[in-house]
Amino acid sequence: MPIVRNVSRAVSQLLQSPACGCGVSIVPVRCIGISPRQVASDASFHSVSFSESDHPRVLITGGLGQLGVGLAKLLRKRFGKNNVILSDIRKPADHVFYSGPFIYLDILDYKNLREIVVNNRITWLFHYSALLSAVGEANVPLARAVNITGLHNVLDIAAEHNLRLFVPSTIGAFGPTSPRDPTPDLCIQRPRTIYGVSKVHAELMGEYYHYRYGLDFRCLRYPGIISADSQPGGGTTDYAVQIFHDAIKTGKFECNLKPDTRLPMMYIDDCLKATLEVMEAPAEALSMRTYNISAMSFTPEELAQEVQKHVPELQVTYNVDTVRQAIADSWPMNFDDSNARRDWGWKHDYDLPELVSTMFSFLGSDSRIAQAN
């Protein structure tokens, strides 16, 4: 950490051994000692040496989730294939592994994370590793370890190595006492899930590290993200993905939220675009470290009506899940993202009609191919 840099330099000079010409690496904050593992940039974990350029050298943690693979694809197109390293604790599919550098990374292993940052000369870090709301509530100790201890590891290393750090937040960072329509950037936040609590913690710790140590921390509060590339995972906003699959496969959809439950939503392409734009924004343009972003806000009934323009025979019924409904009722109905639009020019591309057409374009093609096979 920055507070011990001067001490680290002094100890480093004392530990240098002119007789053998060897240096001893100093690990601020956690320990001072020799790292037993020095991993070459062309080692067998599928890393690649980076060419000298002005492009950032990017590491994405938790990269096999809903957003990581798409973000890697976008960043590699922008900065070059070998400048973006995707990481996770799971084994990637072949098409992900061969699309660019991939490594195993457990964010709870501080030493390994630090070595990866140093050996690959990382300058930007996107921290997507987290246990989401439903899984987190089922295993609070694990969620606390991954979402909070893992974050602390990332913050310390980012501050030590002067990284630009992005940590996503969520509509789940708000609670029942927050203003809901609209929800501003700065207001009361009292979430009632470990996921939401950990995200508020991340927002505040990132802001603290920015003002205390000069860390270039940037954060966006994502609304519900809709993507044709991932299957619904049982989350509160996943009905907005499930309806497309059911419309194509069965023509029947049962919604677990009330028809008038309004939530902010966004198509994944807009989400990834916003993430890149806030990371590229000049530091002087940012008036805060955490921003709301929004594209649209709709209810299950409004979404069903738009879907029925493409699938008129779709039958929609409602079987309300009280747990999910309670969560949805505590979340924002509309995000006020005026600060993001003013400060760094955020502007979404997809409204509800474009979203529905795009989803059917992707899923309809996949369904026709499957039927033909």
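Residues numbered from 1 in each chain as written. Predicted model: local features only at pLDDT ≥ 70, side-chain atom pairs only at ≥ 80, totals over all residues. Heavy atoms only, no water.

Peer 1: What exactly am I supposed to notice about the overall build of the chain here?
Peer 2: The helix and strand tally for the chain stands at 13 helices and 13 strands. The proportion of buried residues among the 373 residues of the chain is 51%. Of the roughly 17,300 Å² of accessible surface on the chain, a fraction of 53% belongs to carbon and sulfur atoms. (Helix = DSSP H or I, 4+ residues; strand = E, 2+ residues; numbered from the N terminus. Buried < 20%, exposed > 50% of the residue type's maximum accessible area, 1.4 Å probe, protein only. Areas by Shrake-Rupley, 256 points an atom, 1.4 Å probe, with all protein chains shown as cover.)

Peer 1: Just to check I follow, could you spell out the confidence of the model for the chain for this structure?
Peer 2: Low pLDDT marks regions whose predicted coordinates should not be analysed in detail. Looking at the chain, pLDDT values average 86 and 83% of them are 70 or higher. Here residues 7–52 scores under 50 on pLDDT; set against residues more than four positions off or in separate chains, the count is 77 contacts. With pLDDT under 50 throughout, residues 367–373 is counted as low confidence; its partners more than four residues away or in other chains account for one contact. (pLDDT = per-residue confidence, 0-100. Contact = heavy atoms within 4.5 Å.)

Peer 1: Explain the packing of helix α8 (residues 239–249) against helix α10 (residues 300–308) to me, please; I cannot follow it from the model alone.
Peer 2: Think of two packed helices as two axes; the pair is described by the angle between the axes and how far apart they sit. Closest axis-to-axis distance for the α8/α10 pair is 11 Å, and the angle between their directions is 30 degrees. In terms of axis orientation, α8 runs roughly parallel to α10. Crossing hand, α8 versus α10: right-handed. Counted together, Tyr239, Ala240, Ile243, Phe244 and Ala247 of α8 and Pro300, Leu303, Ala304 and Val307 of α10 form the full contact between these two elements. Residues belonging to the contact of α8 with α10 are distributed by class as follows: nine nonpolar, no polar and no charged. (Axes fitted to C-alpha atoms, helices over the stretch in contact; angles between N-to-C directions. Parallel < 35°, antiparallel > 145°, perpendicular 65-115°, else oblique. Left-handed = near helix turned anticlockwise from the far one by under 90°. Nonpolar A, V, L, I, M, F, W, Y, C, P; charged D, E, K, R; others polar.)

Peer 1: Where do I start with the environment of tyrosine 209 in this structure?
Peer 2: With respect to the helices and strands, tyrosine 209 occurs in helix α7 (residues 194–213). Among the residues examined, tyrosine 209 registers a relative accessible area of 6% and is labelled buried. Once the C-alpha coordinates of tyrosine 209 and aspartate 156 are considered, the two residues, 53 residues apart in sequence, prove to be 8.9 Å apart.

Peer 1: Sorry, what's going on with the environment of isoleucine 107 here?
Peer 2: Within the fold, isoleucine 107 resides in the loop between β3 (102–104) and α4 (110–119). In the structure, isoleucine 107 is positioned 44 residues away from leucine 151 in sequence and 8.0 Å away in space, judged by C-alpha atoms.

Peer 1: What's the story with the sheet that holds strand β12 (residues 296–298) in this structure? I'm lost.
Peer 2: Strand pairing in a sheet takes place through backbone hydrogen bonds and is either antiparallel or parallel in direction. Sheet architecture is open: three strands sit in the order β8-β10-β12, paired in mixed fashion. Whereas interior strands pair on both sides, the edge strands pair on one side only; in this sheet they are β8 (224–226) and β12. Geometrically, the sheet is characterised by an average inter-axis angle of 45 degrees between neighbouring strands, direction not taken into account. Across the sheet, helix α9 (residues 268–280) lies against β8 and β10 (263–267), angled at about 85 degrees from β10, the strand it touches most. (Pairing = 2+ DSSP bridges.)

Peer 1: Mind showing me how you'd approach the packing of aromatic side chains here?
Peer 2: Each aromatic ring pair is characterised by the separation of its centres together with the angle its planes make. Using the criterion set out here, one finds 14 aromatic pairs in the structure. Geometrically, the ring pair formed by tyrosine 128 and phenylalanine 166 is tilted, given 6.3 Å between the ring centres and 50 degrees between the ring planes. Of this pair, tyrosine 128 sits in the loop between β4 (124–127) and α5 (133–138) while phenylalanine 166 sits in strand β5 (residues 164–166); the two residues are 38 residues apart in sequence, bridging distant segments of the chain. Judged by its relative accessible area of 13%, tyrosine 128 falls in the buried class. Note on phenylalanine 174 and phenylalanine 335: the rings are 5.9 Å apart at their centroids and 65 degrees apart in plane angle, and the pair reads as edge-to-face. Of the two residues, phenylalanine 174 sits in the loop between β6 (169–170) and α7 while phenylalanine 335 sits in the loop between α11 (322–330) and α12 (338–344), which places them 161 residues apart along the sequence. Of the two residues examined, phenylalanine 174 and phenylalanine 335, each falls in the buried class. Through pairs of rings, three or more aromatic residues link up here, namely Phe79, Trp124, Phe126, Tyr128, Phe166 and Tyr222. (Phe/Tyr/Trp six-rings, centres within 6.5 Å; stacked < 30°, edge-to-face > 60°.)

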